[in-house]
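Now for the letters of each chain:
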Amino acid sequence: MRESSRVLVTIGACAASGGVQALRNGRDLGAVAGAVYPRPELLAALATSTPIAAHVPVDAELRGCPVDKRQLLEVLTAFLAGRRPQIRAHAVCLECKQRGIVCLPVARGLPCMGPITHAGCGALCPSYGRGCFGCYGPSDGAPAGGTSWIYR
Ligand code: SF4
Ligand code: SF4
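Owing to the predicted nature of the structure, the values given are computational and were not obtained by experimental measurement.

Caption draft 1: The arrangement of the overall build of the protein chain in detail. Looking only at helices and strands, one finds six helices and two strands in the protein chain. Along the chain direction, N to C, the helices and strands of the protein chain fall in the order β-α-α-β-α-α-α-α. Its C-alpha atoms give the protein chain principal-axis dimensions of about 50 × 50 × 25 Å. Residues classed as buried in the protein chain amount to 36% of the 152 residues present. Here the contacts in the protein chain between residues at least 6 apart in sequence split such that 64% fall between residues at least 24 apart. Per element, the accessible surface of the protein chain, about 9,400 Å² overall, is 61% carbon and sulfur.

Okay, here's the thing in structure tokens:
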């Protein structure tokens, strides 16, 4: 796909970061598979789960599980118009406060990874009373601002 594409955009947490299965990176695959599957010998899997960008150059990454439709539209229109996609690099907390959502750790003592997670979902999980588990990946150290991060 890289060789035949002028622009390559990876979409979703699995493509952009290795996904939930990357949690087993650094562990013994056989032991993990044995804990999950009744017959792990039938499983054919790579030893690690890695982002596509670790293997071929990519032009942009759309993070999240699911990705955000506003970011998807921004990437599509930007590349069609021949400009850089503009995606802010702040943390989920800023979107949470912009929506007026009561902070879950403060008000209910629930864990939430919003302070260190990249924005874009519109604080989806906190809006339903559930802490963020970080599916958009790290916020790149820009809690209240920042520049486009998806254009590589
Ligand atoms: S609920 Fe989570 S995302 Fe929202 S302000 Fe609190 S820590 Fe941040
Ligand atoms: S709140 Fe966190 S876990 Fe939920 S969709 Fe947004 S980034 Fe993903």
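Caption draft 2: Molecular detail of the site of ligand 2. Lining the immediate surroundings of ligand 2 are T117, C121, C125, P126, C132, F133, G134, C135 and Y136. Here the shell around ligand 2 is composed, by residue class, of seven nonpolar, two polar and no charged.

Caption draft 3: Layout of the site of ligand 1. Ligand 1 sits among V92, C93, C96, K97, C103, L104, P105, C112, G114 and P115. For the shell around ligand 1, the secondary structure elements donating two or more residues are α4 (92-98) and α5 (104-108). Broken down by element, the shell around ligand 1 gets its largest block of residues, four residues, from α4. Of the residues assigned to the shell around ligand 1, the class counts are eight nonpolar, one polar and one charged.

Caption draft 4: Highlighting the environment of D68. As for its position among the elements, D68 is in the loop between β2 (60-62) and α3 (69-81). Once residues within four sequence positions are removed from consideration, D68 is found in contact with G120, C121 and Y136.

Caption draft 5: Local environment of the environment of L29. Secondary-structure assignment places L29 in helix α2 (residues 29-36). For L29, a relative accessible area of 23% translates into the label partly exposed. Counting along the chain gives 17 residues from L29 to L46, while the straight-line C-alpha distance between them is 8.5 Å. Leaving out residues up to four positions away in the same chain, L29 has contacts with R24, A45, L46 and A47.

What counts and what doesn't
Residues numbered from 1 in each chain as written. Chains lettered and ligands numbered in written order. Predicted model: local features only at pLDDT ≥ 70, side-chain atom pairs only at ≥ 80, totals over all residues. Heavy atoms only, no water. Helix = DSSP H or I, 4+ residues; strand = E, 2+ residues; numbered from the N terminus. Buried < 20%, exposed > 50% of the residue type's maximum accessible area, 1.4 Å probe, protein only. Contact = heavy atoms within 4.5 Å. Areas by Shrake-Rupley, 256 points an atom, 1.4 Å probe, with all protein chains shown as cover. Near = heavy atom within 4 Å. Nonpolar A, V, L, I, M, F, W, Y, C, P; charged D, E, K, R; others polar.

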